[in-house]
Amino acid sequence: MSRWFSRNLIRIYAALALIYLFIPVGYTMAFSFNDAGKRNINWQGFTLDNWKNPCGAPDICVALGNSLKIGFLSTFIATILGTMIAFALGRYKFRGRSATNLLIFLPMATPEIVMGASLLAMFVNMNVNTGFWTTVIAHIMFCISFVVVTVKARVASLDPKLEEAARDLYANEYETFRRVTFPLVLPGIAAAALLAFSLSFDDFIITNFNSGTITTFPKFIWISSIRGVPAQANVIGTAMFLIALTIVIAGQVVGNAKAKKRR
Amino acid sequence: MVDLAASATGDLQLRNIRKEFGDFVAVDDLNLTIPKGSFFALLGPSGCGKTTTLRMIAGLEEPTSGTIAVGDTDITYSKPYRRPVNTVFQNYALFPHLTIFENVAFGLRRRGIKDVKEAVEKVLALVELGHLKDRKPGQLSGGQQQRIAVARAIVNRPALLLLDEPLGALDLKLRRQMQIELKWIQTEVGITFVHVTHDQEEAMTMADTIAVMNKGRIEQMGSPVDLYENPETVFVANFLGQSNLIKATVGTNSGAETSVDVQGARIILPTSRNRSAKSSVLVGIRPEKINIHAAGTSTGKNALHDGVVTDISFVGVSTQYQVEMPWKQELMVFEQNDGGAANIRKGDRVTLSWEPNFTFALDSED
Ligand SMILES: Nc1ncnc2c1ncn2[C@@H]1O[C@H](COP(=O)(O)OP(=O)(O)OP(=O)(O)O)[C@@H](O)[C@H]1O
Ligand SMILES: [Mg+2]
């Protein structure tokens with residue numbers, strides 16, 4: 001008995017850790033099938049109604065739509081701007097480069113509550129009405145740092161000899177970037193974009209300060225949690241989780257298949 | 001637009017090339033002419049400026065001053081992609097995200113050639129790696145990657161192929177094999193090869209002409225035989241093979257022959273082989289040119305007496321003796337194991353002798 005125990009200690013530990021991590025997810029999933037009515041806190045019985053009608057709760061899909069729009073827009077802009085900054089920092093020597101390197105880290109280190117409040121103060125001072133666009137601006141701002149850091153790591157690991165080889169093989173500056181530099185940095189850019197989207201979609205604190213009357217998905221849940229979160233929120237949460245999981249697994253499967261084919 | 005640089009052919013000429021990195025002079029007043037179609041080796045110790053020279057020829061580095069020309073076309077400041085030059089990089093630099101086929105096709109496609117299949121497959125067959133064309137570089141062995149790097153360059157039929165120590169990462173056996181293959185490819189495709197190496201044996205076996213480089217300058221240039229038999233500087237004498245260099249004072253000069261005084265012994269050499277104008281010189285003799293005898297039985301014209309054998313090592317084709325001379329200098333002697341070897345043991349007193357024609361004299365380095 002004790003030998004079996006010591007031999008399987010790591011497995012037991014891993015299982016416990018995974019259970020710990022996935023209990024909230026499992027709970028969310030289970031309660032997306034709850035026949036809850038108003039308050040989705042106690043188990044009232046199994047139903048598929050919530051899944052059949054995810055927009056059933058008032059305004060939930062408006063909030064989700066806002067979150068997706070804000071997420072895509074700020075991801076798109078932050079990825080482009082951040083990638084350009086990452087190339088500048090990773091490739092060129094210019095005055096103030098090390099200062100820029102440091103400043104790029106600041107938004108990541110600043111507490112969100114401070115950043116959210118200061119941004120709001122700034123918008124108010126400038127007489128800007130907070131709403132959709134102020135939220136986008138705020139999201140771009142905190143996403144850029146993460147994009148820069150992620151892409152810069154990829155740029156730094158790129159062997160400059162490869163670009164020299166391309167130029168040696170008749171590729172001009174543009175072709176070198178398009179055929180060699182960009183494809184090699186692309187995985188870093190993609191990772192940065194995914195990160196930026198999940199940060200934006202998830203953000204509550206800064207959004208709460210700067211979104212005015214616009215409701216995002218996290219804000220919707222926060223507001224409705226006072227009266228009781230509708231089961232549709234669990235449906236959408238579960239769906240997001242499953243979509244992300246599918247993407248990851250698909251990526252793995254495709255990668256493995258490619259690796260197998262090459263052999 | 002007619003692109004002169006890209007279609008230039010002819011001899012490669014470097015004129016008064018100098019390259020500084022800040023205060024540091026990496027290449028100093030370099031003058032070279034590399035004839036079209038030759039296999040040229042640039043040989044020198046680490047840090048002497050070989051890679052820097054190649055990078056200037058390829059256009060990846062701009063010379064501080066001087067000119068580079070292919071035939072009559074000045075390419076000193078042409079962009080790298082406008083030069084009739086391709087490089088095989090020291091670490092291959094194959095594109096990791098492209099297949100072997102696309103790696104090799106890269107240069108052709110960039111020049112707007114649509115139908116690349118035939119040319120690529122032909123060159124892959126030449127390096128005997130056609131069956132790997134769908135793989136990625138990461139799935140190839142070091143030797144295979146090296147051959148792809150060569151294929152990727154020669155498929156473009158450049159006027160000039162630059163090879164920067166392409167065999168450095170290979171083990172000895174593969175290295176020998178690749179040396180033979182490269183030499184064969186060069187004769188096959190007939191383009192000028194400039195091969196950088198710090199392996200003197202590699203340079204000697206492959207090149208038509210070797211330039212020995214030291215501290216950013218060319219010390220001497222010539223055929224392998226010429227460099228070995230007639231070194232002009234102490235550096236070359238020691239870098240290519242081994243040499244015995246002995247301090248001597250120049251004595252009489254009778255036109256064709258010069259005699260020098262080595263610790264009291266009279267040594268004769270052809271006047272043409274005295275590279276020094278000074279009275280104090282270093283007399284040189286290659287170890288394999290010396291005969292070793294029991295004391296007093298010398299026959300050769302040039303002889304040094306009273307040596308003591310301090311070490312003998314048998315290396316198969318030859319036996320190597322280390323002989324300490326009365327003035328406490330160790331000399332090396334290589335004797336062929338052709339059955340006629342003298343029966344000499346460690347501690348024996350010996351006489352060393354050789355033909356005057358094999359003797360040379362150099363400026364002492366200090
Ligand atoms: N970009 C650079 N900045 C400053 N110094 C440099 C630079 N590139 C090369 N050097 C210096 O120039 C000298 C010659 O370098 P180079 O790379 O040409 O040597 P090499 O002959 O190719 O040596 P190796 O056999 O080790 O490759 C070295 O002392 C090196 O430190
Ligand atoms: Mg080098």
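Given the structure is predicted, the values throughout are model-derived calculations rather than measurements.

So, how was this worked out
- Residues numbered from 1 in each chain as written.
- Chains lettered and ligands numbered in written order.
- Predicted model: local features only at pLDDT ≥ 70, side-chain atom pairs only at ≥ 80, totals over all residues.
- Heavy atoms only, no water.
- Helix = DSSP H or I, 4+ residues; strand = E, 2+ residues; numbered from the N terminus.
- Buried < 20%, exposed > 50% of the residue type's maximum accessible area, 1.4 Å probe, protein only.
- Polar contact = N/O pair within 3.5 Å; in protein donor to acceptor, adjacent residues only side chain to side chain.
- Domains from an automatic or database assignment.
- Contact = heavy atoms within 4.5 Å.
- Buried area = accessible area lost by both parts, 1.4 Å probe.
- Salt bridge = Lys/Arg side-chain N within 4 Å of Asp/Glu carboxyl O.
- Disulfide = S-S within 2.5 Å.
- 1 Å grid on protein atoms, 1.4 Å probe; cavity = no way out; pocket = protein on both sides within 12 Å on 5 of 7 lines; lining within 4 Å.
- Points joined across faces, edges and corners; volume = space filled by probe spheres on them.
- Nonpolar A, V, L, I, M, F, W, Y, C, P; charged D, E, K, R; others polar.

Q: Teacher, can you tell me more about the environment of Ser353 of chain B here?
A: Residue and element names in this part refer to chain B. Mapping Ser353 onto the fold places it in strand S19 (residues 349-354). Look at Ser353 and you get buried, because its relative accessible area is 1%. A polar atom in the side chain of Ser353 sits 2.8 Å from the side chain of His293.

Q: Would you mind showing me how to read the domain arrangement of chain A here?
A: Note: interface size is frequently given as the accessible area lost on complex formation between the parts. Residues and elements named next belong to chain A. The domain architecture assigned to chain A consists of domain 1 (1-49 + 230-263) and domain 2 (58-228). For domain 1 versus domain 2, the distance between C-alpha centres works out to 28 Å. Between domain 1 and domain 2, the residue contacts involve seven residues of the former and nine residues of the latter. With both chains or domains summed, domain 1 and domain 2 bury close to 680 Å², and 81% of this area falls on carbon and sulfur atoms. It is Pro230, Ile236 and Met240 that lose the most area in domain 1 upon contact with domain 2, and together they represent 60% of the buried surface on that side. Run the count over domain 1 and domain 2 and you get zero salt bridges. Applying the counting criterion to the domain 1 and domain 2 interface returns zero residue pairs in polar contact (both at pLDDT 80 or more).

Q: I keep staring at the state of the cysteines and nothing clicks. Help me out?
A: In protein chemistry, a disulfide is the covalent bond that joins the sulfur atoms of two cysteines. Residue and element names in this part refer to chain A. Following the criterion strictly, the structure yields one disulfide over all chains and no others. Covalent S-S linkage joins Cys55 and Cys61, the inter-sulfur distance amounting to 1.9 Å. Where Cys55 bonds to Cys61 through sulfur, the torsion about that S-S bond is close to -85 degrees, and the disulfide is left-handed. Overall, the relative accessible area of 43% leaves Cys55 in the partly exposed class.

Q: Please clarify how the layout of surface pockets should be interpreted in this entry.
A: Over the atoms rolls a probe the size of a water molecule, and its path tells where empty space is left. Residues and elements named next belong to chain A. Counted as a void, the largest pocket has a volume near 680 Å³. Taken together, 22 residues make up the lining of the largest pocket; nearest its centre are Ser198, Phe201, Met240, Phe241 and Ala244. In terms of residue count, helix H12 (residues 231-262) provides more of the lining of the largest pocket than any other element does, eight residues in total. Considered class by class, the residues forming the lining of the largest pocket number 17 nonpolar, four polar and one charged. For the lining of the largest pocket, the domains that each give at least three residues are domain 1 (1-49 + 230-263) and domain 2 (58-228).

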